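# Understanding the architecture of this molecule
One letter stands for each residue in the lines below.
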Amino acid sequence: MTDINKESISVLNDLIETSKDGQEGFKTCAEDIKHPQLKDLFVQRAADCAAAAAELQAAVRALGGDPETSTSVAGDMHRRWVDVKSMFTGKDEEAVLNEAERGEDHALKAYKEAMEKISKHNLVGIRDLVERQYHGVQRNHDQVKALRNQARAS
């Protein structure tokens, strides 16, 4: 296996963890929220993250690697913290949207770091995939932020 393949697999596996974190995070948001339209949105976002992870896993296999299959320790800890916090603050829309936005901030950071590694190591074989998914994460982030701002204004 070439060094470029190893570096590409490493970048993709990091993003698989990020996508799995998003999947679980949105699933938790969907469980915690009462508003039907927001619940539907979070269920769809969880499915989008699952699809992104599956696409990344296929790319890792195509490069001859073993794809990541689990969430990150940091993501697991964040969800536990959100669960504990929600016991004390309640699970109102704004609180759930705040946590969703924080998760999307983390995802954006992970994708930006991946894009920097792709440029630094000239990993052209995975650039289009990662860039396309990055734009999806950016759209999700902006939508969650707008919904959070609406909830805050209510």
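Here is what the cut-offs are and how they apply
Residues numbered from 1 in each chain as written. Predicted model: local features only at pLDDT ≥ 70, side-chain atom pairs only at ≥ 80, totals over all residues. Heavy atoms only, no water. Helix = DSSP H or I, 4+ residues; strand = E, 2+ residues; numbered from the N terminus. Buried < 20%, exposed > 50% of the residue type's maximum accessible area, 1.4 Å probe, protein only. Polar contact = N/O pair within 3.5 Å; in protein donor to acceptor, adjacent residues only side chain to side chain. Contact = heavy atoms within 4.5 Å. Expected span 1.5 Å × (residues − 1). pLDDT = per-residue confidence, 0-100. Phe/Tyr/Trp six-rings, centres within 6.5 Å; stacked < 30°, edge-to-face > 60°.

Labelled according to an unreviewed UniProt entry, the protein chain appears under the name Aldehyde dehydrogenase, originating from Pseudomonas rhizophila.

Within the secondary structure, Asn-140 is located in helix H5 (residues 124-153). On the basis of relative accessibility, which here comes to 10%, the residue Asn-140 falls in the buried class. Engagement of the side chain of Asn-140 in a polar contact is seen with the side chain of Arg-45, the distance being 2.8 Å. Not counting residues within four places of it along the chain, the set of residues in contact with Asn-140 comprises Arg-45 and Glu-104.

Turning our eyes to something else, we now look at helix H2 (residues 36-62). With 27 residues, H2 extends 39 Å from end C-alpha to end C-alpha; this agrees with the ideal 39 Å at 1.5 Å per step. Every buried residue belonging to H2 is among Leu-38, Leu-41, Phe-42, Arg-45, Ala-46, Cys-49, Ala-52, Ala-53, Leu-56, Gln-57, Ala-59 and Val-60, and all of these are buried. Lining the buried residues of H2 we find helix H1 (3-32), helix H4 (93-120) and H5.

Residues with a pLDDT of 70 or more make up 87% of the protein chain, whose mean pLDDT is 88. Confidence, read as mean pLDDT per element, is least for helix H3 (residues 73-89) in the protein chain (59) and greatest for H2 (95).

Time to look at the packing of aromatic side chains. For the structure on display, the rule yields one aromatic pair. Look at Phe-26 and Phe-42: their rings are 5.9 Å apart centre to centre, the planes differ by 25°, and that puts the pair in the stacked class. Here the residue Phe-26 occupies a position in helix H1, and Phe-42 occupies one in helix H2, the gap between them amounting to 16 residues. Judged by its relative accessible area of 2%, Phe-26 is buried.

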